[in-house]
Amino acid sequence: MQNTKLLLTSFTFVGLLALAGCSFPGVYKIDIQQGNVVTQDMIDQLRPGMTRRQVRFIMGNPLLTDTFHADRWDYLYSLQPGGGERQQERISVIFSPNDQLVSLSGDFMPGVSRDEAIMGKDSDTTVTDPAQNAEQPKPEKPVKPGSLLDQIQKDVDKVETVPVPTPEPLDTSPQ
């Protein structure tokens, strides 16, 4: 009787310790990721008129293909940091009856970077030619004689180039 009571008490104590260990603060909890990872770069590559194969190449296989809406693919991604609140992102890609991309809907939009949205910059969705965005070179101002820049330029101009010696080929004849 005494041994049974001691055994039952010890099992109860060990069980309570095990349960306390499950929710003990400081215990590492893993991040849980589910679904398709979708980035803004992927969305920016999509263009109206793309075929299903081209969209699949860029985005990967859709997580959901609805039987009743065959012209719509859904990409879902959720991330729950260890012990944190779950974050979910969704995008739906809609095709025309002849299998061409028609529109997008969801948390991502073409040309809108989340960094720009957070920073509060204007999100201009027009696509421009990169050559137009290149900075125009500013005309150089003449340096003042005797300044540090003038001295550096003179030192650079005085440098003589030295040719790099080329090694002679090894003699491969047997001796």
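By the naming in an unreviewed UniProt entry, the chain is Outer membrane protein assembly factor BamE, taken from Pseudomonas viciae. As stated in UniProt under Sequence similarities (unreviewed entry), the record for the chain gives "Belongs to the BamE family." As recorded by UniProt, the Subunit (unreviewed entry) comment attached to the chain reads in full: "Part of the Bam complex."

### Points about the side chain of D74
Along the polypeptide, D74 turns up in strand β3 (residues 72-80). A distance of 3.1 Å separates a polar atom in the side chain of D74 from a polar atom in the side chain of R72. Within polar-contact distance, the side chain of D74 engages the side chain of S92 at 2.4 Å.

### Let's talk about the confidence of the model for the chain
The predicted model of the chain averages 77 in pLDDT, with 75% of residues at 70 or higher. Element-level pLDDT for the chain is lowest in helix α5 (residues 130-133), with a mean of 51, against a maximum mean of 91 in helix α3 (residues 52-59). Across residues 123-130 the pLDDT falls below 50, and counting only partners more than four positions away or on other chains, this stretch makes 6 contacts in the model.

### A short note on the pattern of salt bridges
Counting across every chain of the model gives 3 salt bridges. Of the charged contacts, one joins R72 and D74 as a salt bridge, the two residues approaching to 3.1 Å between their closest N and O atoms. Accessibility expressed as a relative area gives 30% for R72, which makes it partly exposed. With its nearest N and O atoms 3.4 Å apart, the salt bridge here joins D150 to K154.

### Re the packing of aromatic side chains
The way to describe two aromatic rings as a pair is by their centre distance and the angle between their planes. As enumerated under the stated definition, the model contains 1 aromatic pair in all. Relative to F95, the ring of W73 has its centre 4.9 Å away and its plane inclined at 70°; by these criteria the two rings are edge-to-face. Pair noted here: W73 is in strand β3 and F95 is in strand β4 (residues 87-95), with a separation of 22 residues, a long-range link. For F95, a relative accessible area of 2% puts it in the buried group. Taking NZ or CZ as reference, R52 lies 4.6 Å from the ring centre of F95, over its face.

### Some words on the pairing of β3
The pairing of strand β1 (residues 32-35) with β3 spans 4 bridges and is antiparallel. Bridging across to β3, Q33 finds its partner in L79. Of the pairings in the sheet, the one linking strand β2 (residues 64-65) to β3 comprises 2 bridges and is antiparallel in character. Bridged to L64 within β3 is D74. Linking β2 back to β3 in an antiparallel pair, the connection comprises 6 residues. Alignment of β3 against β4, held across 8 bridges, turns out to be antiparallel. In the sheet register, L76 faces β4, and the bridge partner there is R90. Here β3 hands over to β4 after 6 residues, with G83 in that stretch at a positive phi of 80°.

Parameters at a glance
- Residues numbered from 1 in each chain as written.
- Predicted model: local features only at pLDDT ≥ 70, side-chain atom pairs only at ≥ 80, totals over all residues.
- Heavy atoms only, no water.
- UniProt positions renumbered as here; feature names shortened; annotations may be inferred.
- Helix = DSSP H or I, 4+ residues; strand = E, 2+ residues; numbered from the N terminus.
- Polar contact = N/O pair within 3.5 Å; in protein donor to acceptor, adjacent residues only side chain to side chain.
- pLDDT = per-residue confidence, 0-100.
- Contact = heavy atoms within 4.5 Å.
- Salt bridge = Lys/Arg side-chain N within 4 Å of Asp/Glu carboxyl O.
- Buried < 20%, exposed > 50% of the residue type's maximum accessible area, 1.4 Å probe, protein only.
- Phe/Tyr/Trp six-rings, centres within 6.5 Å; stacked < 30°, edge-to-face > 60°.
- Lys NZ or Arg CZ within 6 Å of the ring centre and 35° of its normal.
- Pairing = 2+ DSSP bridges.

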